[in-house]
Amino acid sequence: MNKKFNIISENNLEYIDFHDCECSRLHYENDTLIFEMEWMEVLSEHPMNPHDKAHQSGEGMVMLHLPTIEQLVLYKNNSEIISVNDLNNVDFQDTILLQYDESKTNDGYKAKIYLLFNSNKEFDSALIEISYNKSVAMWDELKDVSWFE
């Protein structure tokens, strides 16, 4: 995805609901963990949402800058298959974000992320616990009102 986005939001991920959002690619590049999103649910409280209800974006991107892995575990049939310690090995296709829990720390943010893999034959899910110094979310437009409104 080499697309330029019109809306750029820093450190506002608490105002985005990622539940069941599709991520076409999750990879590490240039000290950044990059989520190439099919869509995101932008909550009404988000500073870049002019509506009084949550709306779904079109394609978007989330970037976590200077990430450090606390834990990254890949699972198959609810059994741990592999623990990954190096972000350079992260390049996943076709995932669904089930949960994204973020908290503020003294020097940035921490997140716990649960993923499902749609078409991976080696793994079916992943747990990622990661710390990072800032986040950037980008998209072009807000489309329909979110399904949960």
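Presented here is a report on the structure given in the accompanying data block. (Residues numbered from 1 in each chain as written. Predicted model: local features only at pLDDT ≥ 70, side-chain atom pairs only at ≥ 80, totals over all residues. Heavy atoms only, no water.)

**Examining the overall build of the protein**
And then number 1: Looking only at helices and strands, the protein features zero helices and 14 strands.
And then number 2: Listing the helices and strands of the protein from first to last along the sequence gives β-β-β-β-β-β-β-β-β-β-β-β-β-β.
And then number 3: For 149 residues, the compact-globule estimate of 2.2 N^0.38 gives 15 Å, and the protein sits close to it at 15 Å.
And then number 4: For the protein, the spread of C-alpha atoms along the principal axes amounts to about 45 × 35 × 30 Å.
And then number 5: Going through the 149 residues of the protein one by one, you find that 45% of them count as buried.
And then number 6: Looking at the protein alone, contacts between residues at least 24 apart form 65% of all its contacts between residues at least 6 apart. (Helix = DSSP H or I, 4+ residues; strand = E, 2+ residues; numbered from the N terminus. Rg over C-alpha atoms; globule rule 2.2 N^0.38 Å. Buried < 20%, exposed > 50% of the residue type's maximum accessible area, 1.4 Å probe, protein only. Contact = heavy atoms within 4.5 Å.)

**A closer look at the sheet that holds strand β4 (residues 32-37)**
Note: strands within a sheet are paired through backbone hydrogen bonds, in either parallel or antiparallel orientation.
And then number 1: Pairing is antiparallel in the open sheet, where 10 strands are placed in the order β1-β13-β7-β4-β3-β10-β11-β12-β8-β9. The sheet is open, and its two borders are formed by β1 (7-10) and β9 (79-83), each paired with just one other strand. If you compare each strand with its neighbour and ignore which way they point, the axes differ by 25° on average.
And then number 2: Where β1 lies against strand β13 (residues 134-139), four bridges are found, and the strand directions are antiparallel. Within β13, the residue paired with I8 across the bridge is M138. (Pairing = 2+ DSSP bridges. Axes fitted to C-alpha atoms, helices over the stretch in contact; angles between N-to-C directions.)

**Re unusual backbone geometry**
And then number 1: Here the phi dihedral of N30 falls at roughly 50°; this positive angle occurs in a residue that is not glycine.
And then number 2: Inspection of the secondary structure puts N30 in the loop between β3 (21-29) and β4.

**Side note on the side chain of E41**
And then number 1: Position of E41 relative to the elements: it lies in strand β5 (residues 41-42).
And then number 2: Despite its burial, E41 pairs with no opposite charge; the closest candidate is K143, at 12 Å N-O.
And then number 3: A distance of 2.4 Å separates the side chain of E41 from the side chain of S146, its partner in a polar contact.
And then number 4: What E41 contacts, discounting residues up to four positions off in sequence, is Y15, I16, D17, C21, H55, Q56, S146, W147 and F148. (Lys, Arg positive; Asp, Glu negative; His and termini not counted. Salt bridge = Lys/Arg side-chain N within 4 Å of Asp/Glu carboxyl O. Polar contact = N/O pair within 3.5 Å; in protein donor to acceptor, adjacent residues only side chain to side chain.)

On their own, these measurements won't tell you what the molecule is for.
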